[in-house]
Amino acid sequence: MSLIPVPPPWQISENEITPDTVYYNRRRFLKSLIGTGIAASLIPLNGCQKSSSQTALESSLQLPKLPNIQPSPVFKTVDRPITKEILAGQYNNFYEFGGTKNIWLKAQKLPTENWKLEVTGLVKNPQTYDLDDLKRKFPLEERVYRFRCVEAWSMVLPWVGFPMKALMQAVEPTSQAKFVRFTSFYDPEITTGPGFHLGSLPWPYQEGLRIEEMANELAFFAVGIYGHDLPKQHGAPLRMVIPWKYGFKGAKSLVKVEFVAEKPATYWNTIDPNEYDFEANVNPNKPHPRWSQATEKFISQGPGLSWEIKETLPYNGYGEYVANLYPNTP
Ligand SMILES: Nc1nc2c(c(=O)[nH]1)N[C@H]1C(S)=C(S)[C@@H](COP(=O)(O)O)O[C@H]1N2
Ligand SMILES: [Mo]
C-alpha cells in the first residue's frame with residue numbers, strides 16, 4: 001500500500017478544527033477535573049521532528065493486508081468520499097494516551113501481541129477468543145460508514161470486521177441479558193493519559209449498549225480499516241463501530257464484552273451525564289449543552305487538514321436501519 005506523504009502543516013491540532021469554544025470548554029473541563037494542563041501537552045514540531053514523525057506516522061499505518069475481504073453489498077458507499085487514510089490516522093481520540101490530537105504517536109505503546117477478548121456474563125457459551133480465532137470464525141467484510149464525533153467533526157471510514165450479532169449467536173445471551181458492557185485495554189503502566197495516575201477519571205474506558213442495539217445489523221466489531229489490520233491509534237486490534245451514535249460510544253482496544261442485566265456505567269457518561277448521554281444517537285435537533293449538533297466538519301481529502309461543513313443527519317443517516325429501536329424519539 002502506498003501512503004501519500006503528508007503535506008505541511010501535517011500535524012493537526014484540535015483547535016484548528018473544533019470550534020474554539022468547544023476546544024476550550026472540553027479541555028477546560030478535563031483540566032478542572034484532573035488539575036493538569038492538557039493543552040500544554042501539544043508538541044510544537046520543528047522541521048527536524050516533523051520528518052521523523054511523518055515517517056513514524058506512515059509506518060504506524062503500514063500493516064498486514066487482510067486477505068479475502070468481501071466488500072459489503074449494502075454498506076459500500078455513502079454520499080461523500082472516504083476520508084484519506086493519512087488524515088484519519090492522525091486525528092484521533094484515545095484518552096488513555098492523552099487529551100490532544102497527537103495521540104496517534106503515543107498510542108504506539110499499546111501492546112497488541114497475544115491479545116485476548118473475553119466474552120462473558122449472562123451467556124450460555126462464555127468464550128475467550130484470540131485475534132486469529134475472531135478473524136477465522138466470523139465472516140470479515142468491508143463496510144464504509146459515516147463516522148460522527150460528538151465534537152462535531154466527521155469522517156467516512158472503510159472498516160473491516162464482522163457484525164456484532166454474529167458474536168451474539170456464538171455465545172448465546174440468556175433471557176436475563178438486557179445490556180452489554182464493553183471494556184477497553186487498561187494498564188496504568190502503559191496508558192499514560194492525563195490524570196491516569198490521579199485516580200480521578202473512571203478508567204478503564206467502558207461503553208454500553210442495549211442488547212437490541214447490539215443485535216442491530218449495523219453494530220460492528222472492526223479488526224481492520226483501509227484493507228489492513230487496525231492501527232494502534234484506531235483502537236487495535238479490535239474495537240466497536242456504532243455508526244448511528246457519536247464516536248465516543250465506539251470503545252477501542254476491547255478486552256472484554258459482558259452481557260449484564262442492568263444498564264452499565266460508562267466512561268463519558270460517568271464524567272458528565274448531561275453532556276454525554278448513554279444513548280448518544282447522532283441527532284442534529286438535539287444540541288450538546290455547549291454547542292449545536294446541526295452541522296459537522298467533514299474531514300476528507302486534504303491536502304493537509306481541511307473540511308467541509310455538512311448538515312448532520314438524524315441517526316447519522318442510518319435511520320432506516322435503527323429508528324425502530326427508538327419508538328419514543330420523535
Ligand atoms: N478506549 C477508548 N475508546 C475510544 C476513545 C477513547 O478515548 N478511549 N475515544 C472515543 C471517541 S470520543 C472517538 S471520536 C473515537 C475516535 O476513533 P478514531 O480515533 O479511530 O477516529 O473513539 C472512541 N473510542
Ligand atoms: Mo468523539
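Look above for the structure.
Being a predicted model, the structure only gives us computed values, none of them experimental.

Caption draft 1: Up close: the site of ligand 1. Surveying the vicinity of ligand 1 reveals 18 residues, the closest of which are Y95, E96, H234, G250 and K252. At 2.9 Å, a side-chain N or O of R239 approaches an oxygen atom of ligand 1. In the model, an oxygen atom of ligand 1 is placed 2.7 Å from a nitrogen or oxygen of the K252 side chain. In the shell around ligand 1, the residues fall into 8 nonpolar, 7 polar and 3 charged.

Caption draft 2: Quick look at the pattern of salt bridges. The tally for this structure, following the rule as stated, stands at 17 salt bridges. In this structure, the salt-bridge partner of R80 is E296, at a minimum N-O distance of 2.9 Å. One end of the pair, R80, is in the loop between β1 (70-71) and α3 (85-88); the other, E296, is in strand β12 (residues 295-299), with 216 residues separating them in the sequence. Here R80 falls in the buried class, since its relative accessible area comes to 8%. Take E296: its relative accessible area is 2%, and that puts it in the buried class.

Caption draft 3: Examining the sheet that holds strand β11 (residues 254-260) more closely. Taken together, the 5 strands give an open sheet; going across it, the order is β3-β2-β11-β6-β7, and neighbouring strands pair in mixed fashion. In this open sheet, the two edge strands, each paired with only one partner strand, are β3 (127-130) and β7 (206-210). Ignoring which end each strand starts from, the neighbouring axes of this sheet average 15 degrees apart. Direction of pairing for strand β6 (residues 179-184) relative to β7: antiparallel, over a ladder of 5 bridges. Each bridged residue has a counterpart across the sheet, and for R181 the counterpart in β7 is G208. Where helix α6 (residues 164-171) meets the sheet, it contacts β2 (116-121), β3, β6, β7 and β11, and its direction lies at approximately 135 degrees from that of β3.

Caption draft 4: Representation of unusual backbone geometry. Following W203, the chain continues to P204 via a peptide bond in cis, the omega torsion being 0 degrees. With respect to the secondary-structure elements, P204 resides in the loop between β6 and β7. Here the amide bond leading from A236 into P237 is cis, since omega sits at -5 degrees, within 30 degrees of zero. The topology assignment puts P237 in the loop between β9 (228-229) and β10 (239-241). In this model, Y226 sits at a positive phi of 50 degrees, which is unusual for a non-glycine residue. Along the polypeptide, Y226 turns up in the loop between β8 (220-225) and β9. A positive phi angle, close to 55 degrees, is found at N316, a residue other than glycine. By the element assignment, N316 lies in the loop between β13 (307-311) and α9 (319-322).

Caption draft 5: Expanded view of the packing of aromatic side chains. Under the criterion given, the structure shown has 21 aromatic pairs. When the centroid spacing of 5.1 Å and the interplanar angle of 80 degrees are considered together, the rings of Y95 and W268 count as edge-to-face. In this pair, Y95 is assigned in the loop between α3 and α4 (103-106) and W268 in helix α8 (residues 267-271), connecting sequence segments 173 residues apart. As far as the burial class goes, Y95 and W268 line up, both buried. For the ring pair W268 and Y276, a centre distance of 5.0 Å and an interplane angle of 50 degrees mean the geometry is tilted. For Y276, a relative accessible area of 0% puts it in the buried group.

Caption draft 6: Structural view of the environment of F185. Note on placement: F185 falls in the loop between β6 and β7. What makes F185 buried here is its relative accessible area of 14%. Distance in space between the C-alpha atoms of F185 and A251 is 9.7 Å, their sequence separation being 66 residues.

Here is what the cut-offs are and how they apply
Along each chain, residues carry numbers from 1 onward, in the same order as the chain's sequence is written. Chains carry letters and ligands carry numbers; both start at the beginning, A for chains and 1 for ligands, and go up in the order they are written. It should be noted that, the model being predicted, local features are given only for residues of pLDDT at least 70 and side-chain atom pairs only at 80 or more, the latter also being counted only at that level, while totals for whole chains, interfaces and linings use all residues. Only hydrogens and water are set aside; all other atoms, that is, all heavy atoms of the structure, feed into the side-chain values. When we say a residue is near a molecule or strand, we mean one of its heavy atoms is within 4 Å of it. We define a polar contact as two N or O atoms separated by no more than 3.5 Å, with the added condition that, inside protein, one atom must be a possible hydrogen donor and the other a possible acceptor, whereas residues neighbouring each other in sequence contribute only through side-chain atom pairs. Amino acids outside the nonpolar list (Ala, Val, Leu, Ile, Met, Phe, Trp, Tyr, Cys, Pro) and the charged list (Asp, Glu, Lys, Arg) are all regarded as polar, and Gly is one of them. The working definition used for a salt bridge is a side-chain nitrogen of Lys or Arg within 4 Å of a carboxyl oxygen of Asp or Glu. Numbered from the N terminus, helices here are DSSP runs of H or I no shorter than four residues, and strands are runs of E no shorter than two. For every residue, the accessible area obtained with a 1.4 Å probe (protein chains only) is divided by the maximum for its type, and the residue is called buried under 20%, exposed over 50%, and partly exposed between those limits. Two strands are said to pair when DSSP picks up at least two bridges between them. The axes are straight lines fitted to the C-alpha atoms, using for helices just the contacting stretch, and the angles between their N-to-C directions are given from 0 to 180°. Here, two residues are considered to be in contact whenever any of their heavy atoms come within 4.5 Å of each other. Note on aromatic pairs: the rings of Phe, Tyr and Trp (six-membered ring only in Trp) are paired at centre separations within 6.5 Å, and the planes decide the class, stacked below 30 degrees, edge-to-face beyond 60, tilted for the rest.

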